[in-house]
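Structural overview for review
Here's the letter readout for the chains.
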Amino acid sequence: MKKSLSFLLFLLITGVLYYSCQSSTTENETGSADHIKQVTAGIDNAALINADANQGDWLSHGRNYQEDRYSKLDQISKENVGSLDLAWAKELGISKGLQATPIVVDGIMFFSGPFNQVWAFDARTGKQIWYLDPQFNHDKNIDLCCGFTNRGLAVYKGNLYMGMLDGRLLSIDAATGDINWDVLTIPENSTYSITGAPRIVKGNVIIGNGGAEIGARGYVTAYDAESGKQQWRFYTVPGDPNKPYEHPDLEEAAKTWSGNEYWKQGGGGTAWDAMAYDPDLDLLYIGVGNGAHWDREWRSPGGGDNLYLSSIVALNPNDGSYVWHYQTTPGDSWDYTATQHLVLADMEIAGKERKVIMQAPKNGYFYVIDRTNGEYISANNFVYQNWTTGMDENGRPIEAEGARYLDGKSHWIAPSSHGGHNWPPMSYNHETGLVYIPTAKQSEPFVRTKSANDPGALGGGFNANVSLNNKLYWPAEMDANPEAPIPMTQSGRLVAWNPVTQEEAWGIDQVGIYNGGLLSTSTGLLMQGDAQGMFSIRDASNGDVLRQFDLRSGIVGSPITYLVDGEQYITILVGWGGYMAKLHKHVPRIHQGTIYTFKLNGDGAFPEKLPPHEQPLTTIRDGAGPEQIGNGFNVFSRFCISCHGLPGTGHTSTPDLARSTNSIFENYNEIIIKGTLKELGMPAMEGLITEDEITDLKSYIFYSAKAVEEGMDPTAYLTSVAEMQYAADQAALIKD
Ligand code: CA
């Protein structure tokens with residue numbers, strides 16, 4: 001709860017300036033602590049249940065408990081959206097990604113940043129009211145699979161709630177930014193992290209966590225919002241079978257696992273993003289993540305569905321007990337999480353009114369499930385997929401031959417582990433009846449590893465550290481279908497999906513695989529920011545662009561709309577970051593994190609768009625031989641590629657390692673082993689990597705810089721690297 005002195009001074013000065021400008025002398029001036037306290041204190045259970053009766057605020061992550069991200073505010077329409085313009089923008093002085101959906105109560109906006117910073121802004125003026133840096137513990141850098149990020153806050157009875165990357169859950173006074181309490185939601189010294197937004201249900205704060213790839217056993221926990229006291233915990237997968245089950249249904253779940261060893265690796269099943277709540281049925285829905293290891297044979301030899309991996313699970317929110325589940329990917333072997341956005345809606349299907357829950361999980365199928373009992377209604381693939389040949393009548397996927405890659409060959413599977421759809425939220429529009437999905441097109445090679453403990457290999461442990469040579473010199477089974485995404489390529493598509501007929505109404509191809517979440521309105525508008533930095537407001541009926549703004553950096557946040565003193569506003573956070581943002585960029589230059597707010601006839605000034613800037617390639621050369629470079633690439637594949645991408649391709653949301661300065665290379669050992677740059681996000685790797693390995697790593701980076709400098713063809717470069725890595729692997733085998 002430390003704030004810097006300079007920041008307090010800043011608050012004091014801006015506060016004085018602010019008040020001196022006010023002519024009104026009412027008791028609760030807008031933006032004052034008393035005003036914020038008053039308006040947020042009213043956010044109770046009834047307010048959250050009736051969020052649709054209060055279209056002016058944005059009270060929770062998905063706007064309402066149904067999480068439909070649909071607004072009935074109608075001032076901004078197809079007819080007048082041409083005069084939509086910037087009201088104000090504010091640069092936040094931070095790098096890394098801004099994935100959060102802001103919360104708005106009576107024109108006071110709250111949002112979170114990549115290192116769990118929290119801001120309160122007056123949406124009327126764009127003035128910052130308070131700022132909190134809760135001091136994320138950077139020793140956790142090493143445990144984060146997917147970058148520094150936070151997807152949002154919850155508000156309840158005067159307080160805000162946030163899960164932190166280091167596993168803490170905070171209660172924050174909405175009026176002042178002071179921390180009321182914090183609880184550690186994960187075991188001490190464990191590898192879990194939190195990126196998702198908490199949800200408030202019946203006075204409890206519900207929070208999950210992530211980290212399946214690094215050896216976690218998934219669970220969600222409910223804490224009393226007032227006291228922070230733990231109320232219940234639901235484990236998504238069974239634990240050590242020699243110990244008693246934490247809850248009775250885990251005994252049933254354990255029957256779908258085999259080998260009595262899965263619990264040593266945690267099993268996976270982290271619930272790191274989606275939740276929804278139906279107050280009438282009094283059911284809380286959670287989306288459960290993938291298995292760890294990815295390859296089922298390493299965690300559950302001989303098979304098994306491995307409940308409740310990759311499932312939608314309905315819980316009783318009063319005690320966290322199991323009610324029903326629907327498993328989207330039985331016996332997951334592809335990182336096909338079902339943590340993606342869950343949307344509740346009522347709709348007529350085949351002449352019957354149904355209460356449904358909808359999801360487009362990573363596995364590429366759009367599901368419509370009866371949310372009263374978990375009964376399968378329908379599913380169809382919303383992107384190209386080749387891991388099944390279809391769905392049986394009970395909604396169980398019919399697996400394609402070879403999909404489980406057990407034959408020792410590499411199989412190019414679609415969707416990739418990134419998923420046909422990842423966390424960026426969808427929007428369900430009650431007028432058009434369509435669900436808008438930010439989808440991704442990519443295939444990925446899956447291949448068995450030599451052992452479960454082979455950390456640098458596909459299908460093994462931490463698969464983000466994929467060994468590129470596996471992709472290149474393994475005999476590959478390719479997909480001959482012309483619709484199949486070509487290996488090593490990636491792109492996106494905004495899909496408007498009809499959930500009743502289970503088919504695409506319209507779609508628009510996008511350059512990037514990783515685009516922002518969606519918002520739609522009753523006036524037929526559909527809004528999204530994309531990887532190319534464009535914030536587009538489209539016609540929800542056909543996708544035509546009606547208004548567009550260039551916001552400088554790739555966008556992964558989700559827009560919101562709300563009223564301020566009776567006038568409709570739209571806000572979006574812009575900051576490039578997250579797993580795919582570490583590997584790619586689609587703008588000439590990534591700018592600092594910025595918040596943008598729009599209204600009709602706004603007259604705000606856009607922040608300056610800076611010219612492209614790229615540090616030069618390093619000119620250091622060390623004359624290393626193929627085995628050393630190949631070994632360096634092995635080191636790079638295990639420790640560096642998942643954050644930095646290939647050297648020489650340019651800075652993304654992380655630095656390009658072939659463009660480091662000489663002094664960085666001179667201090668490599670301290671930076672990598674001791675973590676001297678940990679405040680910037682670089683993990684300390686003491687005990688994980690040796691100085692000899694760092695020497696080889698540098699050789700590989702220098703080789704890559706030379707290849708780029710000389711204009712080497714990318715395929716020739718990858719082939720040469722794979723050959724050198726193969727040589728290094730063969731030499732290591734001979735030594736063994
Ligand atoms: Ca995963």
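A brief report on the enclosed structure follows. Because the structure is a prediction, the values reported are computed rather than measured.

1. What about the overall build of the protein chain?
- A tally of regular secondary structure across the protein chain gives 13 helices and 40 strands.
- Each of the three principal axes of the protein chain carries a C-alpha extent, and together these read 80 × 60 × 50 Å.
- Across the 736 residues in the protein chain, those meeting the buried criterion constitute 62%.
- Long-range contacts, defined as pairs at least 24 residues apart, comprise 62% of the intrachain contacts of the protein chain with a sequence gap of at least 6.
- Surface accessibility of the protein chain: about 26,900 Å² in total, with carbon and sulfur atoms responsible for 50%.
- In the protein chain, 54 positive and 86 negative side-chain charges are present, and the distance between their average locations comes to 2 Å.

2. Some words on the coordination of the calcium ion
- Listed as protein donors to the calcium ion are Glu213 (OE), Glu213 (OE), Asn290 (OD1), Asp335 (OD) and Asp335 (OD); their distances from the metal cover 2.3 to 3.1 Å.
- Going along the chain, you hit the donors of the calcium ion in the pattern E-x76-N-x44-D. Here the residue Asn290 occupies a position in the loop between β17 (283–287) and β18 (291–292), and Asp335 occupies one in the loop between β20 (321–327) and β21 (342–349), the gap between them amounting to 45 residues. Here Asn290 and Asp335 have matching classes, each one buried.

3. What about helix α8 (residues 626–639)?
- With 14 residues, α8 should reach 20 Å at 1.5 Å per residue; the first-to-last C-alpha distance of 20 Å fits that figure.
- Taken together, the buried positions of α8 are Ile629, Gly630, Gly632, Phe633, Asn634, Val635, Phe636, Ser637 and Phe639.

4. Topic: the sheet that holds strand β11 (residues 199–201)
- The strand order β11-β12-β13-β14 describes an open sheet built from four strands, whose pairing is antiparallel. Each end of this open sheet is capped by a strand with a single partner; those strands are β11 and β14 (230–235). In this sheet, neighbouring strand axes are inclined to one another by 25 degrees on average, regardless of whether the strands run parallel or antiparallel.

5. Some points on the state of the cysteines
- Scanning the model with the defined rule gives zero disulfides in all.
- Free of any disulfide, Cys643 has its nearest cysteine sulfur in Cys640, 8.8 Å distant.

6. Examining the sheet that holds strand β35 (residues 525–529)
- Overall, mixed pairing links the five strands, which are arranged β1-β34-β35-β36-β37 in an open sheet. The sheet terminates laterally at β1 (70–71) and β37 (545–550), the two strands that pair on one side only.
- Pairing analysis gives five bridges linking β35 to strand β36 (residues 534–539), with the strands arranged antiparallel. Counterpart to Gln528 in the pairing with β36 is Ser536.

7. Thoughts on helix α12 (residues 691–709)
- Relative to the 27 Å expected for 19 residues at 1.5 Å per residue, α12 spans 27 Å between its end C-alpha atoms, a close match to the ideal helical length.
- Residues of α12 that are buried include every one of Ile694, Asp696, Leu697, Ser699, Tyr700, Ile701, Phe702, Tyr703, Ser704, Ala705 and Ala707, and no others.
- Count one or two residues on from α12 and you reach Gly711, which has phi positive near 70 degrees.

8. Some thoughts on the pattern of salt bridges
- Applying the stated criterion across every chain yields a total of 31 salt bridges.
- Of the charged contacts in the structure, one is a salt bridge between Asp106 and Arg124, with a shortest N-O distance of 3.6 Å. With Asp106 in the loop between β3 (103–105) and β4 (108–112) and Arg124 in the loop between β5 (118–122) and β6 (127–132), this pair connects stretches of sequence that are 18 residues apart.
- Note on Asp106: relative accessible area 30%, which makes it partly exposed.
- Here Asp509 makes a salt bridge to Lys441, at a shortest N to O gap of 3.1 Å. Pair noted here: Asp509 is in strand β33 (residues 503–510) and Lys441 is in strand β29 (residues 435–441), with a separation of 68 residues, a long-range link.
- According to the relative accessible area criterion, Lys441 is partly exposed, its value standing at 29%.
- One connected set of salt bridges, linked through shared partners, spans Asp106, Asp122, Arg124 and Asp565.

9. A few points about the environment of Thr221
- Here Thr221 shows up in strand β13 (residues 219–224).
- Take Thr221: its relative accessible area is 0%, and that puts it in the buried class.
- For the pair Thr221 and Asn204, spaced 17 residues apart in sequence, the C-alpha to C-alpha distance is 9.3 Å.
- Beyond its immediate sequence surroundings of up to four residues, Thr221 is in contact with Val205, Ile206, Ile207, Gln230, Trp232 and Arg233.

10. Considering the nonpolar core
- Phe110, Trp130, Leu284 and Ile286 are the most contacted members of the largest nonpolar core, which totals 59 residues.
- Formed by 37 residues, the second largest nonpolar core is a distinct cluster that contains Trp58, Trp119, Phe121 and Tyr569.

11. Quick word on the packing of aromatic side chains
- Here the structure, examined in full by the defined rule, presents 39 aromatic pairs.
- Feature note: the residues Trp88, Phe111, Trp119, Phe121 and Tyr131 constitute an aromatic cluster, connected by ring pairs.
- Above the face of the Trp423 ring, Arg151 is positioned so that its terminal group lies 5.4 Å from the ring centre.
- Geometry around Tyr235 places Arg217 over its ring, the cationic atom sitting 3.9 Å from the centre.

12. Re the side chain of His35
- Along the chain, His35 turns up in helix α2 (residues 33–41).
- For His35, a relative accessible area of 6% puts it in the buried group.
- At 2.9 Å, the side chain of His35 and the backbone nitrogen of Gly31 are in polar contact.
- Within the structure, His35 has its side chain in polar contact with the side chain of Asp106 (distance 2.7 Å).
- Excluding its chain neighbours within four sequence positions, the residues that come into contact with His35 are Asn28, Glu29, Thr30, Asp106, Ile108 and Arg124.

Rules and cut-offs
- Residues numbered from 1 in each chain as written.
- Predicted model: local features only at pLDDT ≥ 70, side-chain atom pairs only at ≥ 80, totals over all residues.
- Heavy atoms only, no water.
- Helix = DSSP H or I, 4+ residues; strand = E, 2+ residues; numbered from the N terminus.
- Buried < 20%, exposed > 50% of the residue type's maximum accessible area, 1.4 Å probe, protein only.
- Contact = heavy atoms within 4.5 Å.
- Areas by Shrake-Rupley, 256 points an atom, 1.4 Å probe, with all protein chains shown as cover.
- Lys, Arg positive; Asp, Glu negative; His and termini not counted.
- Charge placed at Lys NZ, Arg CZ, Asp CG, Glu CD.
- Donors = N, O, S within 2.8 Å, 3.2 Å for Na, K, Ca; no water.
- Expected span 1.5 Å × (residues − 1).
- Pairing = 2+ DSSP bridges.
- Axes fitted to C-alpha atoms, helices over the stretch in contact; angles between N-to-C directions.
- Disulfide = S-S within 2.5 Å.
- Salt bridge = Lys/Arg side-chain N within 4 Å of Asp/Glu carboxyl O.
- Core = buried A, V, L, I, M, F, W, Y, C linked by side-chain atoms within 4.5 Å.
- Phe/Tyr/Trp six-rings, centres within 6.5 Å; stacked < 30°, edge-to-face > 60°.
- Lys NZ or Arg CZ within 6 Å of the ring centre and 35° of its normal.
- Polar contact = N/O pair within 3.5 Å; in protein donor to acceptor, adjacent residues only side chain to side chain.

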